[in-house]
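Chain by chain, the residues:
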Amino acid sequence: MPDISPPIHQGASTRTSRASGSAFFDRAILGRATGDALRKLNPLSLVRNPVIFTTEVVSALVTVLAIRSAVTGGEWGFAAGIAAWLWLTVLFATFAEAVAEGRGRARAESLRRARTESRAKLLVRPDDRTLWQPRAATDLKLGDVVLVEAGDLIPSDGEVVQGIASVNEAAVTGESAPVIRESGGDRSAVTGGTMVVSDWLVVRITAAPGSTFLDRMISLVEGASRQKTPNEIALDILLAGMTIIFLIAVATLVGLASWNGQPPSVTVLAALLITLIPTTIGGLLSAIGIAGMDRLVRFNVMATSGRAVEAAGDVDVLLLDKTGTITLGNRQAAAFVPVPGVSERELAEAAVLASLGDETPEGRSILTLARDRHGVTSPALPADAKVVPFTAQTRISGLDAEGVRYRKGAVESLIKAVGADPLPALSQAVERIARSGGTPLAVAKEGRLLGAIELKDIVKPGIRERFTALRTMGIRTVMVTGDNRLTAAAIAAEAGVDDFIAEATPEDKLRYIRDAQAEGRLVAMAGDGTNDAPALAQADVGLAMQTGTQAAREAGNMVDLDSDPTKLIEVVEIGKQLLITRGALTTFSIANDVAKYFAILPAIFVASYPELQALNVMRLTSPESAILSAVIFNALIIIALVPLALRGVAYTPVGAAALLRRNLLIYGLGGIVAPFLGIKLIDLLLNLFGIY
Amino acid sequence: MTILGWAQIALVLACVLLAAIPTGRFIARVAAGERTFLHPILGPVERAIYALAGVDPMRGQDWKGYALAMLAFSAAGFGSLYGLLRLQGVLPLNPQGFDGMPPYLAFNTAVSFVTNTNWQAYSGEVAASYLSQMAGLTVHNFVSAATGIALALALSRAFAAGKVSQLGNFWADLTRVTLYVLLPLSVVVGFAFVALGMPQTLGAYVEASTLEGAQQVIALGPVAFQVAIKHLGTNGGGFFGVNALHPFEGANALTTSLQIWCHQVIPFALCVTFGAMVGNRRQGWVLLSVMLGFVIAATAAIYAAEAAGNPLHLAAGVDAALGNMEGKDVRFGQALVALFTATTTGASCGAVNAMFDSFTPLGGMVPLFLIQLGEVLPGGVGSGLYGMLIFVLLAVFVAGLMVGRTPEFLGKKVQAREVKLAMLAVLVLPATILGFAAISMVLPAALSSLANQGPHGLTEMLYAYTSAAGNNGSAFGGLTADTPWLDTTLGIAMLLGRFAFVVPVMAIAGSLAAKVKVPEGTGTFPTHTPLFAGLLAGVILILGGLQFLPSLALGPLAEHFVMLAAKTF
């Protein structure tokens, strides 16, 4: 077997967790994040986050109260302690966001280097590449035509209008092997910041300054242009609503508690409020979003918006091209089918000789099959042999050795070429091969038909299991192919896809997507050609290949820098992981409230009703210690969960029911239990160090 | 607690469930405008009503049209009832010659019956004429219940179909529910009550001589049929001041059991209706099981607390076998009182067959907490279902993300707009209950109504606003309710509890109806499983109940622990 390329990717979660683990503990990032975290305390920017903004306002209030007590000579230690930890709560939240942003920044720096001042060779007349004038890359306008020669950086995004060259795109994709760019066809898009390593190109600029692919990538990885995604907005509303509810619950305590004795102090009520409102998820929400995008970036996929990442999690239908995604790019010999009177071995030997000069993967696969199946080793090319190469006209190739003509090729062409009578047995074999999804090649020796070779599309190993996993996740896979229905059906069955579109035209794809969307399904697809552009634009998630055309790259809402359409599957997983992380931490945050009540309620009312001490189930040392412990826990839990927020909750492709059961157990039940333990522990420590 | 007691509870609940299934399916048929076995008799009546009112039952309304029709109908109902109560002194059917109700009380009472609350700041037998009771209060017992059911049907339709704008016709729903559901059931139950010894007369009160030779006035009236709809429509407003504890309103264990059956059957049946309307019966069962679970748990909590009794009484030598019998009648017993209390407060009915004020602190906390949880367990007729569906949307949203998709319920995506409206609705209860209660606890004009000191006093005030905002209508007791402050603020609380909740709910219905119905798959968040039932229960407790915990800690919980410490006020 020839080696299999491109490799099937591992699941996104395992791949990304490794990367993020190291980055999180990167000292430089942490140092810079601390500075950013302080800068983010600016209330004007914090107001976008209602929960943390509330926390900040309350922190300021308690600080003022503590200072007033200190100035007037009152008891201020407790208030100062609460104020300090409330500020830390805010700071931990902004820190989480800063760390998430910092992780993308390193990538942005390297991208920026590629964008550094380059001089463009602006052609005076687009059709004359001898006459050009220098122009700063940043001054290029849409539609300008520039010359790029070996050693030049391509000044901006564009379309090759003339020439062919190899281009090193490592600056953008991280892949150092040069790729071919040429005018016309599906390989005509070039990216600013990449370098022509040989030959030359004439490029028409297609991006306005400041909005090139590289610019967009930089702002994307830095999170500068980040907008809240629909689910994030909905979650924000829920959190704001809960904040208001608890604000009411706490504020009204002033009136309710004054019935019997003194109402609790503002400091204590502030502590109660902040521990009850969902600060954990409120503090981590934007970090989760940024980290989700970052995970995609690390995976070498650029999404134009967070909305697209979120939509990826919602996808119900995946449209996958057959070639390169589901099957290996080329067909391989799978069987020898001799006509009556010819042995399989005889056919195999003839086929080997006919293919000796054939360097295509198909030809080599015939040699491999003959060796593995029939022990026919390939002889060295005889000295006097003459190779007959394949041409599109003859559709036949072969070898003339020792005066014998060995030929193989498309069945009808070969029959015509050798002038043999069509054999019914051969026709039957050919028919059967076509029906099972294969391609038949006929073999002849000295004008005599020996039989057929069955060439098959080889389904990528492991892909069937991936489709099964996708099905468990509730995602239908649809194979898109230009093959006829028979062939397509056979391959679809072998690969285990749920549906296929045979003899697909771009219009077919578009129609399929629209139909699925009309039923309320979200569709994802990958594509690279200009033909794919309408479908990419129509799909909810359109993953364009970096090697593809400019039209495709603009139509899609994600670009895969590795140009591997199989990654669509991982993109879906990353989208799901993002949503799961949000849901899990929200659940955790809300579930935390139960324990906090048990810590704080007895503490604040114990003055009025000492008997309420019975509710102090954690047996916390003193009211002050109980309140402070809850506030400290509430702050520390944010920091403790930052790695989880950045890495994302582990995702395994199981059904929704199993996923819910597991996550509810961990984050729901865990969210109820964890603070009981945490608050008790903090109380013990406070006690141990003699603070309370 | 005794086995016999639990057997009574199980028997009544079993009868409720057995009846809820066919009733629920029947309501679904009525909602769809299908022909039922009652059509030969009531069909012409229905058509006559449409003809008289100029209503085209086939003309659908969008959420705004539906909500506006409901608001207009309720406003008209309020106006006419207010007028009737004010003018009852000069209107017929007033054998006792009662005067018109004073303005504050009439406002409070009119709001109370229009909102299906039936909070009673008056005592029926000394303040309401027969005309007011029959043409005013009883009529609203029917139509406020039908309004609630209609709204629930409209919301259910939003889940049933994809990409529609119309939620049905309010006038048709109102008419059909009244005619085919409430009226027939009330007639049957009314006759049953008459057979069980409940009065149904337009005659004047009877004067009697007691054995000691004293003169006594025995209040009578058209009781049986009003009590039938009072329970069937989860209204709860008693004909008599002491409600189902009055011997003519709750004669014996059988009457009380039938009353429990009445105020449970339609709320539970509507879960079945929902399942039928959205084409997912299991979904209906999940909602029903959560409601039932809470009812059983609450009953057990009350039963346990009351059967255990008050340790201070026991220490004083009271027979421990009976438990705490203060405020309860031996003809019902602890088990039926516990079940009645849990169901009447869980169902937004508000009828009582015992005095909560005399319960043990924990026993009294349960009804309070049940109302605070949003009146969804099983809640009032209709209002229970739509309130529960709001919790379902929140549960789906919070936990639904955990399966890695935009949360969806029955194929409808739950997005920012729904979350916003749901949070608006959920805010109403805490804002109204805690807001008014907190002000009242520092306002001398309000505090003068309180009969008790200490945490019990707080509970009494908290309960009044809870009952009003939850549209329950039961009274905890110990509170002089007919004061300008309480009449007015409790009236406002009732209005907010009904309409400030319902309008966002209808907006949600409109928004959901317009959405595509996403087909279900293995990646869809499963909402018809026991796991989801557990999740929903957790969300109701945490999102619905947690905000009330501080106030409960200061009220009943404090009272409980103080009692254990043998301290009194």
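Just so you know, these numbers come straight off a predicted model, no measurement behind them. (Residues numbered from 1 in each chain as written. Chains lettered and ligands numbered in written order. Predicted model: local features only at pLDDT ≥ 70, side-chain atom pairs only at ≥ 80, totals over all residues. Heavy atoms only, no water.)

Within the UniProt annotation, "domain: P-type ATPase A" (unreviewed entry) is assigned to residues 132-222 of chain A. Here residues 132-222 of chain A is 15% helix and 42% strand, with 36 Å between the C-alpha atoms at its ends. (UniProt positions renumbered as here; feature names shortened; annotations may be inferred. Helix = DSSP H or I, 4+ residues; strand = E, 2+ residues; numbered from the N terminus.)

The biggest cluster of nonpolar side chains holds 346 residues, and the ones touching the most others in it are A:Leu318, A:Met558, B:Phe159, B:Ile266, B:Met388, B:Leu536 and B:Ile540. For B:Phe159, the contacting residues outside a window of four places in its chain are B:Phe274, B:Val278, B:Leu389, B:Leu393, B:Phe409, B:Leu410, B:Lys412, B:Leu512 and B:Lys517. Membership of the second largest hydrophobic core comes to 41 residues, among which are A:Ala350, A:Ala401, A:Ile415 and A:Leu441. (Core = buried A, V, L, I, M, F, W, Y, C linked by side-chain atoms within 4.5 Å. Buried < 20%, exposed > 50% of the residue type's maximum accessible area, 1.4 Å probe, protein only. Contact = heavy atoms within 4.5 Å.)

Looking now at the interface of chain A and chain B. With 62 residues of chain A at the contact, the number on the chain B side is 62 residues. Summing both sides of the interface, chain A and chain B together bury roughly 5100 Å²; the carbon and sulfur share of this comes to 77%. By the criterion of area lost to chain B, the three top residues of chain A are A:Leu256, A:Trp259 and A:Leu660, representing 15% of everything that side buries. Here chain A is connected to chain B by 2 salt bridges. The shortest N-O distance in the salt bridge between A:Asp316 and B:Arg405 comes to 3.0 Å. Listing elements by their share of the side of chain A that touches chain B, those giving two or more residues are helix H8 (230-257), helix H11 (306-314), helix H16 (463-472), helix H21 (568-591), helix H22 (593-605) and helix H24 (656-688) of chain A. For the side of chain A that touches chain B, the element with the highest residue contribution is H8(A), accounting for 18 residues. Tallied by class, residues from the side of chain A that touches chain B come to 37 nonpolar, 15 polar and 10 charged. (Buried area = accessible area lost by both parts, 1.4 Å probe. Salt bridge = Lys/Arg side-chain N within 4 Å of Asp/Glu carboxyl O. Nonpolar A, V, L, I, M, F, W, Y, C, P; charged D, E, K, R; others polar.)

When pLDDT is averaged along chain A, the result is 85, and 95% of the positions lie at 70 or above. Within the model, pLDDT remains below 50 along residues 1-23 of chain A, and this stretch shows 36 contacts once partners closer than five positions in the same chain are excluded. (pLDDT = per-residue confidence, 0-100.)

The next thing to look at is a nonpolar patch on the surface. Residue and element names in this part refer to chain A. Taken together, the side chains of Leu681, Leu684, Leu685, Leu688, Phe689 and Ile691 present a nonpolar region at the surface, about 650 Å² in accessible area. Among the secondary structure elements, Leu688 is positioned in helix H24. We classify Leu688 as exposed; its relative accessible area is 65%. (Patch = residues over 30% accessible without salt bridge, like charges linked within 9 Å, V, L, I, M, F, W, Y side chains within 5 Å. Areas by Shrake-Rupley, 256 points an atom, 1.4 Å probe, with all protein chains shown as cover.)

Moving on: the environment of A:Ile580. For A:Ile580, the location among the structural elements is in helix H21. The exposure class assigned to A:Ile580 is buried, which follows from its relative accessible area of 0%. Sequence separation of A:Ile580 and A:Leu659 is 79 residues, and the distance between their C-alpha atoms is 9.4 Å. If we ignore the near neighbours within four places in the chain, the residues touching A:Ile580 are A:Val649, A:Tyr651, A:Leu659, A:Asn663, B:Leu401, B:Met402, B:Val403 and B:Gly404.

On to the packing of aromatic side chains. All names here are of chain B. Going through the model one piece at a time under the given rule, you end up with 21 aromatic pairs over all chains. Note on Phe356 and Phe359: the rings are 5.4 Å apart at their centroids and 55° apart in plane angle, and the pair reads as tilted. Comparing Phe356 with Phe359 shows no difference in burial state: the two are buried. Each residue in the set Tyr66, Phe73, Phe170 and Trp171 is aromatic and connected to the rest through ring pairs, giving one cluster. (Phe/Tyr/Trp six-rings, centres within 6.5 Å; stacked < 30°, edge-to-face > 60°.)

Moving on, we get to H21(A). Since the α-helix advances by 3.6 residues per turn, residues separated by three or four positions end up pointing in the same direction. For H21(A), with 24 residues, the first-to-last C-alpha span of 35 Å sits near the 34 Å given by 1.5 Å per residue. Of all 24 residues in H21(A), 24 are buried; the element is thus mostly enclosed. (Expected span 1.5 Å × (residues − 1).)

This part is about the sheet that holds strand E9 (residues 317-321) of chain A. Residues and elements named next belong to chain A. Spatially, the 7 strands line up as an open sheet ordered E8-E20-E19-E18-E9-E16-E17, and their pairing is mixed. Of all strands in the sheet, those bounded by a partner on one side alone are strand E8 (301-303) and strand E17 (499-501). Each strand of the sheet is rotated relative to its neighbour by a mean of 20°, with strand direction disregarded. Judged from the 3 bridges that link them, strand E16 (residues 476-480) and E17 form a sheet pairing that is parallel. Considered in E17, the bridge of Val478 is made with Asp499. Sitting on the sheet, helix H17 (residues 485-495) touches E16 and E17, and the angle it makes with E17 is about 150°. Sheet strands touched by helix H18 (residues 506-518): E9, E16, E17 and strand E18 (523-527). Its angle to E9, the strand with the most contacts, is close to 170°. (Pairing = 2+ DSSP bridges. Axes fitted to C-alpha atoms, helices over the stretch in contact; angles between N-to-C directions.)

Residue and element names in this part refer to chain A. Across all of its chains, the model carries 38 salt bridges over all chains by this definition. The residue Glu570 makes a salt bridge to Arg466 at a minimum N-O spacing of 3.2 Å. Residue Glu570 is found in helix H21, and its partner Arg466 is found in helix H16; the two are separated by 104 residues along the sequence. One connected set of salt bridges, linked through shared partners, spans Lys40, Glu97 and Glu101.

Moving on: the state of the cysteines. All names here are of chain B. The final tally for this structure, using the stated rule, is 0 disulfides over all chains. Counting only cysteine sulfurs, Cys262 is the nearest neighbor of Cys15, a cysteine outside any disulfide, at a range of 12 Å. Unpaired in this structure, Cys262 has its nearest cysteine sulfur neighbour in Cys349, at a distance of 9.4 Å. Overall, the relative accessible area of 0% leaves Cys262 in the buried class. (Disulfide = S-S within 2.5 Å.)

Okay, the UniProt feature "binding site: Mg(2+)" (unreviewed entry) in chain A next. Residues and elements named next belong to chain A. The UniProt feature table records "binding site: Mg(2+)" (unreviewed entry) at Asp528 and Asp532. Within the secondary structure, Asp528 is located in the loop between E18 and helix H19 (533-538). Look past the residues within four positions of Asp528 in its chain and what remains in contact with it is Arg187, Met545, Gly548, Thr549 and Ala552. Relative to the helices and strands, Asp532 resides in the loop between E18 and H19. Setting aside residues up to four positions removed in sequence, Asp532 forms contacts with Lys509 and Gly527.

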